[in-house]
Amino acid sequence: MILQGENILKQYHHNGGLINALDHVSFSVRKGDFVTVTGPSGSGKSTLLLSMFGLIRLSSGTITFDGKRIDNISDRHLTDVRKKSVGYILQSFALIPYLTTIQNVMIPLALEKISGKEQLKRAGEILDYVGLSDRMEHLPRELSAGQQQRVAIARSIVHRPQIIMADEPTGNLDPTLSLEILDFLRKINQENKITIMMVTHSPVASEYGTMKLHLNEGKLINS
Amino acid sequence: MTISTLVLIELWKRKSQLITGLLAITLGIAVIVAIQSVSIVSEQNVARNLDNLGANILVLPQAASIDDYYTSDIDAPTLPMDYVERILTSTIAGVDNMSPKLTRRVKVGNQSVVLTGILPKSEIASKPLWQSSGLLGAQLKTACAPSSSANESHGLEDKKLQRKAIDTLFSEDCLAGSQVAQRLKLSANSKVNIMGKEFNVVKILSETGTVDDDRIFANLKDVQTLLKLENQVSAIEIMGCCNAISQGLLGQLRNILPDTRVTTIGQIVSTQIETNQLMKKITLVMLIIIFFVGGISIGNYIWANVNERKREIGILRMMGAERSTIYKMFLLKALILGVAGGILGFILGTLAGVILGPYLAGIIVKPVYMYLLWSILLSVAISLAGSLFPTYLAAKFDPHSNLQED
Ligand SMILES: Nc1ncnc2c1ncn2[C@@H]1O[C@H](COP(=O)(O)OP(=O)(O)OP(=O)(O)O)[C@@H](O)[C@H]1O
Ligand SMILES: [Mg+2]
């Protein structure tokens, strides 16, 4: 097991009451799984995805990653886990607007203090892999939506993470581009043995999953 | 790429915002540098002027201030020339030498110069600097002046040279200070027309670093006639014996010279020290104001920048950037702003001092390069202090809630 959640509870205070965004959720992900998380809007999908590595702190429950508890470790250590082992892809691409394609891709390597030469080499290779070697010096606003998401994918894998967390990566893309991106994620999953956990609305996208989680009102529904 | 490169790229891509962020601190530093550059020069000038006065007692008209004495405005008060005679014929002991002077600011062509009428013999004998500049030596004993004996020996070696020099400042001759000579393009043996009268330039005086550099010296009689101030002088510089001063020379002089101010150089120096202390207080107040205004303004700029980049901070934190990385990003930016503000402030302030100094304070201001270091240190300190709190808040941002907004 690479990632395990047990009795995960996330409560939000709202108008004096409590909302269970995640209501005692338990699941296990094996190394190399392509996990899809589906469910209606507001069912807690993003909350689940982002709480795994501390971007949202849980109310209770335990999370184990790569054999170690990570729900009770310090913010500093969690940050370190994210830096070394996790890649994120968001619906909104989350690129840094004033950096070029290659600079955006180099950020995870810069955070790991990898040498400039190595950064250029690895970012160049990854951009080749996602088919953007002719767009290296473009700014995000000079790229199409599909290209921007490919930059984000390149950025999420450049530091060779163990797991990619994707929150509706095709949400802003048209159906053709969506398929392209999904095929790409599957390729990464199969060729590089990187575990993927992907939140999606789309039934087509959920078909890519080797393991499927379905949420409703914060509860896991067995399917 | 490193986090520092990221900071530099961001700064460069948004350089127009930079100017607003820098404005307050740059202007603040500029004002301090300008005040300091001007006051340090005036301080040095006064010290040097007094040092080289060659006299230790000054007799001024009652209504005149020490500033009048240096600036020599048109309507500066005068005292009667007879007072020289009066001192000479009195029984007062301890006056070794006297130099009456009439000084006025006049126009030569379109340039403003200070014309000083002197009695050559006594004037020159009481000027240690001029003696060393090779004009002649002193043959009068100069009381208390520490450097006098050295000058004396110079002069005594060639009696003829002394006589010649004293004789050369007869009517229609003049000596030009080095700066005046430069401004009016004068050289030895050239002619200069002052208020309709033609003068021969006998010699260009070598640079002394004092007000004398900006003066033309002519025979006292000529100057009195020219200014229609017959028998009037602006001041009498007296070389008094130190013992005599401590035994009441000043009081004795006051008794026989009505309507005058008789002061020692020591008193003048202490007045100047008071002025300098006032300038220091003003600078201190400015410093405090600038610390707050500059700090708040930079802090405000950084806070706006932090807010604009909330999402970016969230993205970086998501990718594993530590809080310390966020600190580094914004404090490095503040540091760069601080250095830039310090350098710009120094340049602006120095330019202001150099350009305005001659108009406002009547002195030549030179850049004080040491202030560059102080400007940068001060500006960086202000900038970092102002940015600390916004940066602290930025590092504390919850990454998740900042990822969502688009
Ligand atoms: N900061 C918050 N404060 C209060 N309630 C919150 C907060 N964030 C999320 N929630 C609530 O938690 C629940 C789960 O939200 P979440 O964003 O995980 O849903 P989702 O399944 O990702 O929905 P969508 O498909 O629309 O993205 C929602 O009911 C939401 O209102
Ligand atoms: Mg969501």
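Draft legend 1. Molecular detail of the sheet that holds strand β3 (residues 34–38) of chain A. Residue and element names in this part refer to chain A. In spatial order, the strands read β6-β7-β8-β3-β9-β10; together these 6 strands make up an open sheet with mixed pairing. Two strands bound the open sheet, and with one partner strand each, they are β6 (86–90) and β10 (219–221). Mean inter-strand twist for the sheet, computed between neighbouring axes without regard to direction, equals 20°. Direction of pairing for β3 relative to strand β9 (residues 211–216): parallel, over a ladder of 4 bridges. Opposite Thr 38, over in β9, you have His 214 as the bridge partner. The strands that helix α5 (residues 145–157) touches are β6 and β7 (163–167); relative to β6, the one it contacts most, it runs at about 165°. Where helix α6 (residues 175–192) meets the sheet, its contacts fall on β3, β6, β7 and β8 (195–199), and the angle it forms with β8 comes to roughly 155°.

Draft legend 2. Main features of helix α4 (residues 82–89) of chain B. Residue and element names in this part refer to chain B. Tyr 83, Val 84 and Ile 87 are the residues of α4 that are buried. In a view along the axis of α4, the buried residues occupy a sector of 105°, so they form one face of it. Exposed residues lying more than 90 degrees from the buried face of α4 are Glu 85, Leu 88 and Thr 89. On its buried face, α4 sits against β2 (79–80), β3 (95–108), β10 (235–240), α12 (249–256) and β11 (260–264).

Draft legend 3. Structural context of the pairing of β6 of chain A. Residues and elements named next belong to chain A. Of all the 5 residues making up β6, 5 are buried; the element is thus mostly covered by neighbouring parts of the structure. In β6, alternate side chains face the same way, and those of Val 86, Tyr 88 and Leu 90 on one face and Gly 87 and Ile 89 on the other are all buried. Two strands pair when backbone bridges link them, and β6 and β7 are joined in this way by 5 bridges, in the parallel orientation. Paired with Gly 87 across the bridge in β7 is Ile 164.

Draft legend 4. Up close: the packing of aromatic side chains. On inspection of all chains with the given rule, the structure shows 4 aromatic pairs over all chains. With a centroid separation of 4.9 Å and 85° between ring planes, the pair formed by Phe 53 of chain A and Phe 65 of chain A is classed as edge-to-face. With Phe 53 of chain A in the loop between α1 (45–51) and β4 (60–65) and Phe 65 of chain A in strand β4, the pair connects residues that are 12 residues apart, well separated along the chain. In this pair, the class of Phe 53 of chain A matches that of Phe 65 of chain A, namely buried. Aromatic side chains Phe 346 of chain B and Tyr 369 of chain B sit 6.4 Å apart centroid to centroid with 45° between the ring planes, which places their arrangement in the tilted category. Placement of the pair is Phe 346 of chain B in helix α15 (residues 323–360) and Tyr 369 of chain B in the loop between α15 and α16 (370–396), with a sequence separation of 23 residues. The cationic tip of Lys 15 of chain B hangs over the ring face of Trp 12 of chain B; the distance from NZ or CZ to the ring centre is 4.0 Å. Over the aromatic face of Phe 199 of chain B sits the side chain of Lys 197 of chain B, whose NZ or CZ is 5.7 Å from the ring centroid.

Draft legend 5. Structural context of the pattern of salt bridges. All names here are of chain B. Inspection of the entire model under this criterion finds 19 salt bridges over all chains. In this structure, Glu 237 and Lys 101 form a salt bridge, with 2.9 Å as the shortest nitrogen-oxygen distance. On the criterion of sequence distance, the pair formed by Glu 237 in strand β10 and Lys 101 in strand β3 is long-range, its members being 136 residues apart. Residues Arg 309 and Glu 312 are paired through a salt bridge, measuring 3.0 Å at the closest nitrogen-oxygen approach. Of the two residues, Arg 309 and Glu 312, both sit in the buried class. Look at the salt bridges and you will find they share partners, linking Glu 10, Arg 14, Glu 308, Arg 309, Glu 312 and Lys 333 into a network.

The rules we used
Residues numbered from 1 in each chain as written. Chains lettered and ligands numbered in written order. Predicted model: local features only at pLDDT ≥ 70, side-chain atom pairs only at ≥ 80, totals over all residues. Heavy atoms only, no water. Pairing = 2+ DSSP bridges. Helix = DSSP H or I, 4+ residues; strand = E, 2+ residues; numbered from the N terminus. Axes fitted to C-alpha atoms, helices over the stretch in contact; angles between N-to-C directions. Contact = heavy atoms within 4.5 Å. Buried < 20%, exposed > 50% of the residue type's maximum accessible area, 1.4 Å probe, protein only. Arc of directions from axis to C-beta. Phe/Tyr/Trp six-rings, centres within 6.5 Å; stacked < 30°, edge-to-face > 60°. Lys NZ or Arg CZ within 6 Å of the ring centre and 35° of its normal. Salt bridge = Lys/Arg side-chain N within 4 Å of Asp/Glu carboxyl O.

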